[in-house]
Protein chains: 4
Amino acid sequence: MSSFGKLFRVHTYGESHCKSVGCIVDGVPPDSPLPRRTFRSSSPAGGLRSEFDTVRVQSGTEHGVTLGTPIGMVVQNKDQRPHDYTETDLYPRPSHADYTYLAKYGVKASSGGGRASARETIGRVAAGAIAEKYLKEAYGVEIVAFVGSVGPVALPFTQEEDEVLGKEYLDLVKNVTREEVDKEITRCPHPETSKKMEQTIRDAKARNDSLGGTVTCVIRNCPLGLGEPCFDKLEAVLAHAMLSIPSTKGFEVGSGFRGTTFPGSKHNDPFVADPENGDNRLRTTTNWSGGIQGGITNGEDIYFRVAFKPPATISQEQQTATYDGKAGTLATRGRHDPCVVPRAVPIVETMAAIVIMDQLLQQNARSAAAALLPPVTSLPPTMVFPGQRK
Amino acid sequence: MSSFGKLFRVHTYGESHCKSVGCIVDGVPPDSPLPRRTFRSSSPAGGLRSEFDTVRVQSGTEHGVTLGTPIGMVVQNKDQRPHDYTETDLYPRPSHADYTYLAKYGVKASSGGGRASARETIGRVAAGAIAEKYLKEAYGVEIVAFVGSVGPVALPFTQEEDEVLGKEYLDLVKNVTREEVDKEITRCPHPETSKKMEQTIRDAKARNDSLGGTVTCVIRNCPLGLGEPCFDKLEAVLAHAMLSIPSTKGFEVGSGFRGTTFPGSKHNDPFVADPENGDNRLRTTTNWSGGIQGGITNGEDIYFRVAFKPPATISQEQQTATYDGKAGTLATRGRHDPCVVPRAVPIVETMAAIVIMDQLLQQNARSAAAALLPPVTSLPPTMVFPGQRK
Amino acid sequence: MSSFGKLFRVHTYGESHCKSVGCIVDGVPPDSPLPRRTFRSSSPAGGLRSEFDTVRVQSGTEHGVTLGTPIGMVVQNKDQRPHDYTETDLYPRPSHADYTYLAKYGVKASSGGGRASARETIGRVAAGAIAEKYLKEAYGVEIVAFVGSVGPVALPFTQEEDEVLGKEYLDLVKNVTREEVDKEITRCPHPETSKKMEQTIRDAKARNDSLGGTVTCVIRNCPLGLGEPCFDKLEAVLAHAMLSIPSTKGFEVGSGFRGTTFPGSKHNDPFVADPENGDNRLRTTTNWSGGIQGGITNGEDIYFRVAFKPPATISQEQQTATYDGKAGTLATRGRHDPCVVPRAVPIVETMAAIVIMDQLLQQNARSAAAALLPPVTSLPPTMVFPGQRK
Amino acid sequence: MSSFGKLFRVHTYGESHCKSVGCIVDGVPPDSPLPRRTFRSSSPAGGLRSEFDTVRVQSGTEHGVTLGTPIGMVVQNKDQRPHDYTETDLYPRPSHADYTYLAKYGVKASSGGGRASARETIGRVAAGAIAEKYLKEAYGVEIVAFVGSVGPVALPFTQEEDEVLGKEYLDLVKNVTREEVDKEITRCPHPETSKKMEQTIRDAKARNDSLGGTVTCVIRNCPLGLGEPCFDKLEAVLAHAMLSIPSTKGFEVGSGFRGTTFPGSKHNDPFVADPENGDNRLRTTTNWSGGIQGGITNGEDIYFRVAFKPPATISQEQQTATYDGKAGTLATRGRHDPCVVPRAVPIVETMAAIVIMDQLLQQNARSAAAALLPPVTSLPPTMVFPGQRK
């Protein structure tokens, strides 16, 4: 399906060589300002291409104010001709979507991989910018993603054997800003590592090869109570969102895979009162849960990591087969990004914003309904929420 | 939401101390036999409790044949009384769902964590059994999951630095059967490791502690062309399904996180003709993609790994706080599973079956519609699917 | 699909001769009391059968308070055996669902019409009772339906040629109560007409024939602003809900079909200030719109009419054909309701309640989100809602 | 929501004075030709304005062939400026959507009624053209709608008291073609009546008044078995679709409201073998059911009627109130259509096509799945579908 979300809902269209790509965003709160500098481009990143796309808003706003009606957005494609039939079309690119799109639809776009292109994500980023702006203004939500590794080059943080996650990494997650991230061409906010990554990317390019990597994302100041049991636990919807980004192979939240090696006694996050906090909310002293317990946010930072495989399109010669099953050698021509991970950072952020926005609207619907009835008073005090117990 | 799937759709209800748990399954193909020995229980597993639940089918079948109408299923709860108000109710269990359910709903069930209980998954397993049986009979699909690690004890397979994944692991993924898995109490199909895991679980239990672990799942003989771009890529829906299982923290498919450290030239899966295969389908010589390319199945084995954190409920004393924010010590009484990973195996399988079944119905709708029109003949041969090009 | 609604969502299961019928209700506001005298039965009505069903709540409540989690409900079927194969099974009943269910599913339930039975609506009525109670308590919403005609016997109200709708009818719509409706065995709140209807039903029964009729429903005190443009206009969703009730053939809202013969100058509803109304809301002096304009409620009474065809199952001999296409005569044995219209009254009310509840939650999600941002002040005063302009 | 359909899914955006209106169509079968003369305009009809809109296809096709991916379509708006603030903005138009949009969203578009404009339906018509073409080519489905009445001028067909519906009307429904409909400026395929309607419209225009009317639509050659019990019965989804069209107030299928006055013995449709028909399908000798029984198509013609109220915007002076509640007089300036019913004809057809297409894909998913298993042979012969019993 070309749609994501339930109440804040994004529909996208478009592939690489059609007229335009774009989206319709449903469920935008009315009477709120649109993001000004329209959208943080997903492009000017660590790779080697720079594209600047203009998003043209078609509907749903007047005088700079959202109307609550669907917002249509269009981004022109530069290369609109379907390709002519070339020799390269004889080969499905290994590990790309050429073969599977053909198998699925019985017919293929001249670009081969149909909508399996980063270009499709432009519509998402435009939609996510609206969600982000709302979340920031209404709740002070901050969403920051950064590159944690490129190929074999990772953040050099140490981690003791008995630490679920290392202190340096947790500090970065806690404090890193978008400004710090965008200062580095690789979007890795550790200048020394960023330099190494840059060099690694240049080397890969020189070898006509490609590199994957990982992106970490943190969501701060997220309201409590988001996430819909049982099937739409917040981590489940986040995982869905992240693995819908092209080239992703993995997702882990909080302590993730490493956390599975620790016993409960070390992994549990103890509760503690928060004296600065007027509403009696509890906090936790550690946050291996990654801000989500039982599928529902507990108010702590939500952080997660996403794995990106190396891009499939490389200019090296590859031994493979034609669509007809004849063995042969393919060397894809043209410019290709050796590493898309830096460019993926705003896409990760945007999908996170869309998820949180959608879950927020769902929880709002419930809590606004519950607020209209007087609380049932017959229950013991621990069975109603502290913040509501006046 | 309590629903999962689009055409094969499962709705569940129930928490720990209510009358029953159950589900409604929509979209079951009509005129097919129900699973006989009704359902492989999710229970008789490596932990220490054994529960046997009887699933009572309410509707949607007659004379042992499905009618195509919704199948209602009910499983009685044994402990149906809401708990009395006890001292333990003063404390939200650390890293459990007690606090977040209360924050979300403003009121909490006596069991604390509402539907964040493995008991909710019984309805899923019943639904998944129907999907599995259909997939097996119609396509020969095999779904096998197994335990790969419990706490620090993992399969002892070696992995060379230049190998994306080790040969022993890949062989296991390729060949392991449910029988081999169920022979071991830990559901780790490597007897020696299983013994170690068992001992580790006993030790944890003796310490009143708990352990997490990982489950690997493989789906064999899955038809080509499943997965709906862009937002419902197969890996995205699988990740959603897996992270909707209680206690999960991570998901990776194919080469996963480790694959991000390899260059494209090593990570790409070359195509090759399959001489035994009459329909001109291509195969790949490696399968780092995990059977999914561009979000769509390519016919190779789909395999993925799921991370389970250690259970939050432990009997050790934990320093934490009451709902009212007073510091104190909690030691949860009663029996608790020290490790749920072996019991999670059938739940992983069931969610995999539900996902594949649902995607299959969606793809069937498309391909059945396309099959009614003559193929457009003006296109170059490589733009239509080999299997359809006669 | 066996589901209705988006946020307040009802899933049903069950056919005539299975173990039970039931439903799962998702999206019930937490911390609200359940309807006490559990559910107004859909049964004890103008026909001749009386069934009393006990709804057993399975989950989603404790101590009489809703938890916000799905509410499972089960109603045992009395006749649980699939029928044996009898001579009657040779004929699809004319105008019943026997033939179409068989065509759709390729296999048929022994009851023939599968889920096309009023019995399926029991789950809906149970779900609707929860919605009704909430709407009543939170907003004072009143929903009253009544029988307006049975076969050729209709309310005897006069209507001038130049009147869109007659005054007596409008007065009834405005003022009728459930008590007045339920006083009459036919649920037509006009005692003289009710007597005639009763006699007509007895005559039909004596002739082994059946009768249709119409039901009018009014929703009072519905909040402004409900209904989701463009596809989920309130009247569209109401029509969907009403025509999902078995045996319905038509729906009209406000002035309906008759309104199409009047010019705009007579049909438009002029606005007027409401001096008693503190929040500056406008009212209309007439209400041919039926409380909905542009698909959105304007706060006036919502009223609509639903057409029910005569039941298909009659004991008269009918010339028809067997499944095999052999001409023959069918006279269905057993008890059959000659007229289901009185029994349809609570089902109409229940579907109305479910629709309003669902739309309310959707609008709550939006307005709660909008309320968190300061209103944009740069707009001319008429471009923001009077009730919000302080 | 701005979306309609489940598998064939249409998302629209746009209001009167924004840059463009448009849609994304999801679920188009791949490898099928696009409608050539792109789209039958919804415009050149009985009213007095003529607009010709160019639909620009953005994506989802190449070389004139659909790719199976979403088709984006855009239609430029001619009057793109938001209006300046004028005196007319002081008054909500009576019976228009100005007031309710403001109440719903808290802010209003300069056009007042937001998306409650016929302009929004352009996207639907573009989407429906794709569905229609497919249905025509794959199944020979014919969808024809026509105007049955304009204000008080209706088709002059006689109807005997004991006839459910008159013979002339039924003949028209059975045989009328689009060519016959489009020959008349009013789209009423009865030349004499059409002339009267035209004159009536001119008179209304001269009086600065407006007129409603009714549209009848027939769907021929629709496959058996479409419609999803219980909530998505075909008539329910059709009613939803029709009442989502602006200005509609009613829907009736088959015998409709009039049918409620007849007894079952006259209203039931007897079955009969169809000797010309090789697949053993049964036909019915009458068709008061309107081609749908138990919510599922039986292969007979589906026909229904839709009520359109007179347009709210008229140039006569109307006594009403300002947004601020001050009594006053409004005479809307500018050109207004005195009657939209002729222009509604293609919109009714388009929504019918979208519904059938979507239901077809849903049924295809089911029957394609069922076809892969051998039929269960233990059942009595009447319990499996004749057409499948070989």
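Residues numbered from 1 in each chain as written. Chains lettered and ligands numbered in written order. Predicted model: local features only at pLDDT ≥ 70, side-chain atom pairs only at ≥ 80, totals over all residues.

As recorded in an unreviewed UniProt entry, chain A goes by the name Chorismate synthase, listed as coming from Apiotrichum porosum. What the UniProt record of chain A gives under Catalytic activity (unreviewed entry) is the line "5-O-(1-carboxyvinyl)-3-phosphoshikimate = chorismate + phosphate". Taken directly from UniProt, the Pathway (unreviewed entry) text for chain A runs: "Metabolic intermediate biosynthesis; chorismate biosynthesis; chorismate from D-erythrose 4-phosphate and phosphoenolpyruvate: step 7/7." (UniProt positions renumbered as here; feature names shortened; annotations may be inferred.)

Each copy of the chain is related to the other by a rotation around an axis and a translation along that axis. Least-squares fitting of chain C to chain D yields an RMSD of 0.0 Å, with the transformation described by 0.0 Å of translation along the axis and a rotation of 180°. Within this description, the copies of the chain are treated as partners about a two-fold rotation axis. Counting the interface residues of chain C, we find that 100% of their copies in chain D are interface residues as well, pointing to one common contact surface. (Least-squares fit on C-alpha atoms with pLDDT ≥ 70 in both. Contact = placed C-beta atoms within 7 Å.)

Here we come to the pairing of strand β2 (residues 9-13) of chain D. All names here are of chain D. Burial within β2 is extensive, with five of its five residues counted as buried. Of the two faces of β2, the one lined by Arg9, His11 and Tyr13 and the one lined by Val10 and Thr12 are each fully buried. Relative to β2, strand β1 (residues 3-4) runs antiparallel, the two being bridged by two bridges. The residue of β2 that forms the bridge with Phe4 is Val10. Across five bridges, β2 lies against strand β3 (residues 20-26) in antiparallel orientation. Across the sheet, the residue bridging to Tyr13 is Gly22, located in β3. Where β2 folds back on β3, the antiparallel hairpin that results is connected by six residues, among which Gly14 adopts a positive phi of roughly 110°. (Buried ≥ 20, exposed ≤ 12 C-beta atoms within 10 Å, placed from the backbone. Helix = DSSP H or I, 4+ residues; strand = E, 2+ residues; numbered from the N terminus. Pairing = 2+ DSSP bridges.)

Below, the discussion takes up the relation of the copies chain C and chain B. Note on the copies: chain C fits chain B at an RMSD of 0.0 Å, the axial shift is 0.0 Å, and the rotation between them is 180°. With an isologous cut-off of 70% or more, the 100% of interface residues of chain C that recur at the interface of chain B puts this contact in the isologous class.

All names here are of chain B. Running from N to C, helix α6 (residues 234-243) and helix α9 (residues 341-370) point in directions that differ by 140°, and their axes come no closer than 9 Å. Regarding α6 and α9, the two cross each other, and that crossing is right-handed. When α6 is examined against α9, the residues Leu234, Val237, Leu238, Ala241 and Met242 are found in contact with a partner set consisting of Val348, Met351, Ala352, Ile354, Val355 and Gln359. Across the contact of α6 with α9, the residue classes tally to 10 nonpolar, one polar and no charged. (Axes fitted to C-alpha atoms, helices over the stretch in contact; angles between N-to-C directions. Left-handed = near helix turned anticlockwise from the far one by under 90°. Nonpolar A, V, L, I, M, F, W, Y, C, P; charged D, E, K, R; others polar.)

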